Amino acid sequence: MIATSDYELVTESAGLVDRSDRAKFLVRGSEAADFLQGQVSNDVEALEPGAGCYATVLSHKGKLRTDLRVLRGDDWFWLDTEAIGHAVLEHMLRTYSLGRDVQFEDVTESRALLSLVGPAARERLDTAPPDEEHSFVTGEHGIYVATLLGVDVICEPGTALDVEEVSDEAAECVRIEAGRPRLGFDMDAETMPQEAGINDRAVSFTKGCYVGQETVARLHYRGKPNRHLRGLRLSEPAERGAEIVFADKPVGRVGSTCVSPGLGPIALALVRREAEPGATVEVGGAPAEVVALPFPRG
């Protein structure tokens with residue numbers, strides 16, 4: 001159950017969520033940009049210092065191994081991802097940088113990551129990053145990174161910010177409302193970027209080669225994914241993993257789900273393409289409506 005007070009903070013003001021468990025790496029060296037360019041799906045070399053991007057690490061079949069955020073400083077790159085993606089990033093950095101002028105440091109334990117979520121997040125800091133997502137500035141407490149829903153602060157462990165803490169559930173609720181998929185919840189090792197609806201954010205179709213590029217490009221230009229990330233307006237709360245049925249056939253399973261104080265029971269799910277927005281499906285025997293993302297308010 002999401003506390004109404006927490007939901008109000010993340011939708012009307014600002015609340016703090018500690019996300020220090022994310023995997024975090026610093027990468028340096030004269031060949032760091034070229035190395036990362038050949039490993040991730042977005043255009044790292046095009047980034048200017050103070051900018052960043054969302055990207056993926058893919059298998060040779062174009063399926064998701066992990067997603068990540070990349071920030072570019074004057075002489076460094078910052079990578080962070082979900083905790084479950086730690087091993088993937090470490091393996092990539094350790095294995096494929098051999099013989100190149102690339103050095104990396106695992107700073108998962110030595111750096112904290114505090115997410116300020118809500119429309120007033122920028123007002124709670126001594127300086128604000130540019131509006132563009134993943135852009136960043138240096139402030140009193142560390143590095144301030146613009147996000148879709150507020151600002152992330154990369155800082156020393158134990159850093160205190162004058163922002164009220166909120167539950168993870170409240171922050172997850174606004175993420176679900178915004179239609180942003182999460183690794184391990186809405187996409188996994190069997191997911192292609194286009195299925196998860198992240199091509200526009202995570203994939204460059206103009207850069208050079210990277211692992212998995214051929215399959216991703218072929219699907220983008222010539223194919224039709226069998227599944228799409230959709231929203232579900234549920235008539236009853238549902239559990240993650242619950243089967244979704246359309247026309248008496250299974251078409252997917254519930255991913256992230258919550259009972260939003262603003263929208264009621266909702267969920268994200270990878271749904272087969274025949275269940276288009278507007279379709280009525282069954283989840284746990286109860287009707288639900290498939291909707292395009294992000295969730296419309298009201």
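Note that the coordinates shown come from a computational prediction; the quantities given were computed from them, not determined experimentally.

Looking at the layout of surface pockets
Here the largest pocket is characterised by a volume of approximately 820 Å³. What lines the largest pocket is a set of 35 residues, and nearest its centre among them are Arg-19, Arg-22, Glu-82, Asp-152 and Arg-175. For the lining of the largest pocket, the elements supplying multiple residues, two or more each, are strand S1 (15–18), strand S4 (64–72), strand S7 (112–117), strand S10 (150–155) and helix H4 (168–178). A per-element tally of the lining of the largest pocket places H4 first, with seven residues. For the lining of the largest pocket, the class distribution of residues is 14 nonpolar, four polar and 17 charged.

Remarks on H4
Across the eleven residues that make up H4, a large majority, eight, are buried. All of the buried residues in H4 are Ala-170, Ala-171, Glu-172, Cys-173, Val-174, Arg-175, Ile-176 and Glu-177. The inward-facing, buried residues of H4 contact helix H1 (4–12), S1, S7, strand S13 (249–260) and strand S14 (264–272). Directly after H4, the chain includes Gly-179, whose backbone phi takes a positive value near 75°.

So, the side chain of Thr-108
Mapped onto the fold, Thr-108 is located in the loop between strand S6 (103–106) and S7. In terms of polar contacts, Thr-108 uses its side chain to reach the side chain of Asp-106, at 2.7 Å.

Rules used throughout
Residues numbered from 1 in each chain as written. Predicted model: local features only at pLDDT ≥ 70, side-chain atom pairs only at ≥ 80, totals over all residues. Heavy atoms only, no water. 1 Å grid on protein atoms, 1.4 Å probe; cavity = no way out; pocket = protein on both sides within 12 Å on 5 of 7 lines; lining within 4 Å. Points joined across faces, edges and corners; volume = space filled by probe spheres on them. Helix = DSSP H or I, 4+ residues; strand = E, 2+ residues; numbered from the N terminus. Nonpolar A, V, L, I, M, F, W, Y, C, P; charged D, E, K, R; others polar. Buried < 20%, exposed > 50% of the residue type's maximum accessible area, 1.4 Å probe, protein only. Contact = heavy atoms within 4.5 Å. Polar contact = N/O pair within 3.5 Å; in protein donor to acceptor, adjacent residues only side chain to side chain.

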